[in-house]
Amino acid sequence: MAIPILGSQEYAATMRMFQQMIEMENRTCEALAKEQATIRNPCNSNDDTVVSSSSSVINSWRERVVQWFYDLIDHLGENRELTFIAMNVLDRYTGCCSSSNERLYELQAMSALFLAVRIGGTGNLALSQLVSMSRQPSIQEKDIMAMGKLMIASLMWDQRLLTPADFV
């Protein structure tokens, strides 16, 4: 299969299109950040654990979340592949809209897991169950739903969520 050679005008048009797509994505993330602030943002609590977005802190949280996902998925009797789906959603969302504190990251993780169980599992996870497992007593069902809506709105869903089992 031959790769078509683009002329200078076609190349310039393609580059403009890519630039417009990047700008649109940036505007979308900015708009979502503003929207997130107007919705009862559970991140605006009196939580003093705001940290820098250094990768070591995020990696530390991420490792704990992955283990928690596995434990919870096993407890529910769901397929462990749901952990990959939940982490896919969480990583894509935090890549667009950063997590400023541990409470917000936990809320995002809980929402990602809830979405994963609804997307690829049996759906046998009630919001009340999830809230009861939270380390943060201030996280409520409506917070998980609001964050889930933000995740759904901000992420692209036009491609299948792949897991390692899809390559076997």
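Chemist: Explain the packing of aromatic side chains to me, and be specific about the residues and the numbers.
Modeler: Under the criterion given, the structure shown has two aromatic pairs. Note on tryptophan 61 and tyrosine 105: the rings are 5.5 Å apart at their centroids and 40° apart in plane angle, and the pair reads as tilted. Taken together, the positions of tryptophan 61 in helix α2 (residues 55–76) and tyrosine 105 in helix α4 (residues 102–120) put the pair 44 residues apart, joining distant regions of the chain. Residue class for tryptophan 61 comes out buried when judged on its relative accessible area of 6%. For tyrosine 105, a relative accessible area of 2% translates into the label buried.

Chemist: Lay out the pattern of salt bridges with the relevant residues and their values.
Modeler: For the structure shown, the criterion picks out four salt bridges. Linking aspartate 91 and arginine 62 is a salt bridge whose minimum nitrogen-to-oxygen distance equals 2.6 Å. Of the two residues, aspartate 91 sits in helix α3 (residues 81–96) while arginine 62 sits in helix α2, which places them 29 residues apart along the sequence. When its relative accessible area of 29% is taken as the criterion, aspartate 91 is described as partly exposed. Classification of arginine 62 by relative accessible area gives partly exposed; the value is 30%. Between aspartate 143 and arginine 103 there is a salt bridge, and its shortest N-O distance comes to 4.0 Å. Taken together, the residues span a long stretch of sequence, with aspartate 143 in helix α6 (residues 141–154) and arginine 103 in helix α4 at a distance of 40 residues. Exposure class is identical for aspartate 143 and arginine 103. Each is buried.

Chemist: Tell me about the layout of surface pockets, and name the residues and values.
Modeler: Taken as a whole, the second largest pocket spans an internal volume of roughly 230 Å³. Looking at the second largest pocket, the residues that line it are Trp61, Arg64, Val65, Trp68, Glu102, Tyr105, Glu106, Ala109, Met110, Met133 and Arg135. Mapped by element, the contributors of at least two residues to the lining of the second largest pocket are α2 and α4. Here the lining of the second largest pocket gets five residues from one element, more than from any other, and that element is α4. Of the residues that constitute the lining of the second largest pocket, the class distribution is seven nonpolar, no polar and four charged.

Chemist: Tell me about the confidence of the model for the chain, residues and numbers included.
Modeler: A residue-level look at the chain finds 73% of positions with pLDDT of 70 or above and a mean pLDDT of 76. Confidence, read as mean pLDDT per element, is least for helix α1 (residues 8–38) in the chain (67) and greatest for α6 (91). Every residue in residues 38–54 is under pLDDT 50, and counting partners more than four places away or in other chains gives 22 contacts.

Chemist: Which residues make up the nonpolar core, and what values do they have?
Modeler: Within the largest apolar cluster, 34 residues are counted, with the highest numbers of intra-cluster contacts made by Leu90, Leu113, Leu130 and Met151. Secondary structure elements with two or more residues in this core: α2, α3, α4, α5 (127–132) and α6. In terms of residues, this core owes the most to one element, α4, which gives eleven residues.

Chemist: So what's going on with the environment of glutamine 108? Which residues, and what values?
Modeler: With respect to the helices and strands, glutamine 108 occurs in helix α4. For glutamine 108, a relative accessible area of 0% corresponds to the buried category.

Chemist: Lay out α3 in plain terms, naming residues and giving numbers.
Modeler: In this model, α3 (16 residues) spans 23 Å end to end at C-alpha, consistent with the 22 Å of a helix rising 1.5 Å per residue. Along α3, the residues that are buried comprise Glu81, Leu82, Thr83, Ile85, Ala86, Met87, Val89, Leu90, Tyr93 and Thr94.

Quick notes on the rules
- Residues numbered from 1 in each chain as written.
- Predicted model: local features only at pLDDT ≥ 70, side-chain atom pairs only at ≥ 80, totals over all residues.
- Heavy atoms only, no water.
- Phe/Tyr/Trp six-rings, centres within 6.5 Å; stacked < 30°, edge-to-face > 60°.
- Helix = DSSP H or I, 4+ residues; strand = E, 2+ residues; numbered from the N terminus.
- Buried < 20%, exposed > 50% of the residue type's maximum accessible area, 1.4 Å probe, protein only.
- Salt bridge = Lys/Arg side-chain N within 4 Å of Asp/Glu carboxyl O.
- 1 Å grid on protein atoms, 1.4 Å probe; cavity = no way out; pocket = protein on both sides within 12 Å on 5 of 7 lines; lining within 4 Å.
- Points joined across faces, edges and corners; volume = space filled by probe spheres on them.
- Nonpolar A, V, L, I, M, F, W, Y, C, P; charged D, E, K, R; others polar.
- pLDDT = per-residue confidence, 0-100.
- Contact = heavy atoms within 4.5 Å.
- Core = buried A, V, L, I, M, F, W, Y, C linked by side-chain atoms within 4.5 Å.
- Expected span 1.5 Å × (residues − 1).

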